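# Geometric and topological summary
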Amino acid sequence: MKKAIVVGSGAGGATVAKELQGSFDVTVLEAGREFQPLTRSLKVPERLKRMKLLFDEMEIPLFFPAMRIQKTPDRMVHVRGIGTGGTTPLGTANALRMDHDLKKMGIHLDAEFEELSRQIPITTAHRSKWRETTNRLYEVCRDMGLNPWPMPKMADPGLCQGCGRCIFGCLSGAKWDSRKFLRDALAQGARLITECAVKEIVSQNGRASGVKARTRGRMKFFPADLIVLAAGGLGTPVILQASGIPCEPRLFVDPVLCVATGWIGAWQNREIPMPFVVQKEHYIVSPYFDHLSYFFNRRWKAPARNILSLMIKLADTNLGQVTRRRIQKTLTPEDKDRLKHAVDFCAEILRRLGVKKEDIFTGTINAGHPGGMLPLTREEAETLHSPRLPENVYVADASLLPGPLGNPPSLTIMALARRVGRAAKIAHS
Ligand SMILES: Cc1cc2nc3c(=O)[nH]c(=O)nc-3n(C[C@H](O)[C@H](O)[C@H](O)COP(=O)(O)OP(=O)(O)OC[C@H]3O[C@@H](n4cnc5c(N)ncnc54)[C@H](O)[C@@H]3O)c2cc1C
Ligand code: SF4
């Protein structure tokens, strides 16, 4: 059987590995280790916060290695997962179909979404678990005519304990993440090599022969008939550029900013995150306890249970890039305007809940939805293959998205990755 290499095991990688195994002999090369959720209590970082001994978000991987943090010079914090499942085990399980831009380009993913909906448990049946303050916020949003709706979750609400620790990995087994698809691929005979960071594609005359990767301190060549890059919106462009394949400086990241207030007994830190969502033209708003801001932003005062926060997730201008050494991404004046508008909007929601303007504070700008540096074009709608790539190399992650979603992207990335797998099978098996 022909050999395929899939680089990365996140939303895109695990999906495409499952799709290809059987038609190809698949090996998944994953830079990180087996994902381990954070099992420790948050009491220790809580104590360190109170003693003012937590200084910088870059300290997070010291106690939670699966979370990789990078910062841009203007202090935007970029979060991603390195390990099996990629960023999905850190996710808050939101499952939205966000393919309108792809549809406009002639990429119709109905069949893929339909299959995913049969394979992934997606539910909105978590309302009975909302805290009183969340219910009140929901009513305020409804009374303001904002059309809030419960967020569809890739989770089993029966198992969810509402612990609020989704971003540290789920300990109860309630949350679905892409390790399930990875396990399915492995059960069908695929191979997984962890701690194997792909550096470049080796190719000649428009065809790749394999990849070079660093694994356990040594560089190694992995031969392949087909290569699918799914190292994520920050990982794939670095491999492409190291292989002499230029990317577009069209990085988007969906920046997040929380607007918060003190609220006795909010207990949002012990509740399913992002329980409902309000969709606006350039951003979404959703209740969210931001652990990153809580632990590292001095405006966020202990105890955690007494903070109430609304998350803004902005669809930023797709302008920026990632290189081997750094992420170049700043908010444009238009992004800043939209963010300011969104902050005022959240402040108004809080005001209607009874919060005084002077009691409102914001969090740290962070981002976790990078993509867009090898965006699909109309011409690629059938093949899903960029002419920049060697004929037997595909990309199957957020890099393909034509623009920012300002919304949870995993489900759409998985639908796209499935289609990429199919296109690759037709062309190469
Ligand atoms: C805190 C947080 C919460 C989120 N919550 C949600 C949510 O609720 N719903 C949602 O839809 N989205 C959510 N997201 C975003 C979502 O998880 C990502 O957009 C999605 O996982 C991206 O998929 P991907 O396949 O592009 O990359 P990833 O899932 O990041 O996978 C990339 C994989 O490639 C590996 N890799 C990287 N470089 C290399 C290399 N050189 N060689 C080999 N392997 C490599 C990584 O280890 C990783 O396994 C969240 C993100 C964050 C940070
Ligand atoms: S809130 Fe629910 S889904 Fe999230 S980590 Fe806790 S138990 Fe798991």
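All figures in this text were calculated on a predicted structure; none of them were measured in a lab.

## Description of the overall build of the protein
Scanning the protein from N- to C-terminus turns up eleven helices and 21 strands. Taken against the 2.2 N^0.38 rule, which gives 22 Å for 429 residues, the C-alpha radius of gyration of the protein at 21 Å falls within 12% of a compact globule. Projected onto the principal axes, the alpha-carbon positions of the protein cover approximately 65 × 45 × 45 Å. In the protein, which comprises 429 residues, the proportion classed as buried is 59%. Counting contacts in the protein only where the partners sit at least 6 residues apart, residues at least 24 apart contribute 74% of the total. Summed over all atoms, the accessible surface of the protein reaches about 18200 Å², with 50% contributed by carbon and sulfur. Averaging the locations of the 62 positively and 42 negatively charged side chains of the protein gives two centres separated by 6 Å.

## Thoughts on the site of ligand 2
Inspection of the region around ligand 2 gives Cys160, Gln161, Gly162, Cys163, Gly164, Arg165, Cys166, Cys170, Ser172 and Lys175 as its neighbouring residues. A per-class count over the shell around ligand 2 returns four nonpolar, four polar and two charged.

## Quick look at the pattern of salt bridges
The final tally for this structure, using the stated rule, is 26 salt bridges. A salt bridge links arginine 118 to glutamate 114; the shortest N-O distance between them is 3.2 Å. Of this pair, arginine 118 and glutamate 114 both sit in helix H5 (residues 110–119), separated by four residues, roughly a single helical turn. On the basis of relative accessible area, arginine 118 is assigned to the exposed category, the value being 60%. On the basis of relative accessibility, which here comes to 42%, the residue glutamate 114 falls in the partly exposed class.

## Structural notes on the sheet that holds strand E8 (residues 191–193)
One open sheet holds the five strands; their spatial order is E8-E2-E1-E12-E21, and the pairing between them is parallel. Both outer strands of the open sheet, E8 and strand E21 (393–395), are each paired with one neighbouring strand and no more. Sheet twist, expressed as the average angle between the axes of neighbouring strands with direction ignored, equals 20°. Relative to E8, strand E2 (residues 25–29) is paired through three bridges, and the arrangement is parallel. When the bridges of E8 are listed, leucine 29 appears paired with isoleucine 193. Sheet strands touched by helix H1 (residues 11–20): strand E1 (3–7), E2 and strand E12 (226–229). Its angle to E1, the strand with the most contacts, is close to 165°.

## Quick look at the sheet that holds strand E10 (residues 207–215)
Ordered in space as E9-E10-E11, the three strands form an open sheet in which the pairing is antiparallel. Strand pairing shows two members of the sheet lacking a second neighbour, strand E9 (196–204) and strand E11 (218–223), which therefore form its edges. When the angles between neighbouring strand axes are averaged without regard to direction, this sheet yields 25°.

## A word on the site of ligand 1
Within the structure, ligand 1 sits among 37 residues, and Gly12, Glu30, Thr87, Asn94 and Ser410 are positioned closest to it. At 3.0 Å from an oxygen atom of ligand 1 is found a main-chain nitrogen or oxygen belonging to alanine 93. Proline 409 places a polar main-chain atom, nitrogen or oxygen, 3.3 Å from an oxygen atom of ligand 1. When ligand 1 is considered free in solution it has 1000 Å² of accessible area, and contact with the protein chains removes 93% of it. Listing elements by their share of the shell around ligand 1, those giving two or more residues are H1, strand E4 (77–81), E9 and helix H11 (410–428). The biggest single contributor to the shell around ligand 1 is E9, with three residues. Among the residues forming the shell around ligand 1, the class breakdown is 19 nonpolar, 16 polar and two charged.

## A closer look at the packing of helix H6 (residues 132–143) against helix H10 (residues 333–353)
One can describe the packing of H6 onto H10 by two numbers: an axis separation of 10 Å at closest approach and a directional angle of 110°. The angle between the axes of H6 and H10 places the two elements in the roughly perpendicular class. Here the hand of the crossing between H6 and H10 comes out right-handed. Taking contact as the criterion, the partners of Arg136, Leu137, Val140 and Cys141 in H6 are, on H10, Ile349, Leu350, Arg352 and Leu353. For the contact of H6 with H10, the residue count by class is six nonpolar, no polar and two charged.

About the thresholds
- Residues numbered from 1 in each chain as written.
- Chains lettered and ligands numbered in written order.
- Predicted model: local features only at pLDDT ≥ 70, side-chain atom pairs only at ≥ 80, totals over all residues.
- Heavy atoms only, no water.
- Helix = DSSP H or I, 4+ residues; strand = E, 2+ residues; numbered from the N terminus.
- Rg over C-alpha atoms; globule rule 2.2 N^0.38 Å.
- Buried < 20%, exposed > 50% of the residue type's maximum accessible area, 1.4 Å probe, protein only.
- Contact = heavy atoms within 4.5 Å.
- Areas by Shrake-Rupley, 256 points an atom, 1.4 Å probe, with all protein chains shown as cover.
- Lys, Arg positive; Asp, Glu negative; His and termini not counted.
- Charge placed at Lys NZ, Arg CZ, Asp CG, Glu CD.
- Near = heavy atom within 4 Å.
- Nonpolar A, V, L, I, M, F, W, Y, C, P; charged D, E, K, R; others polar.
- Salt bridge = Lys/Arg side-chain N within 4 Å of Asp/Glu carboxyl O.
- Pairing = 2+ DSSP bridges.
- Axes fitted to C-alpha atoms, helices over the stretch in contact; angles between N-to-C directions.
- Polar contact = N/O pair within 3.5 Å; in protein donor to acceptor, adjacent residues only side chain to side chain.
- Parallel < 35°, antiparallel > 145°, perpendicular 65-115°, else oblique.
- Left-handed = near helix turned anticlockwise from the far one by under 90°.

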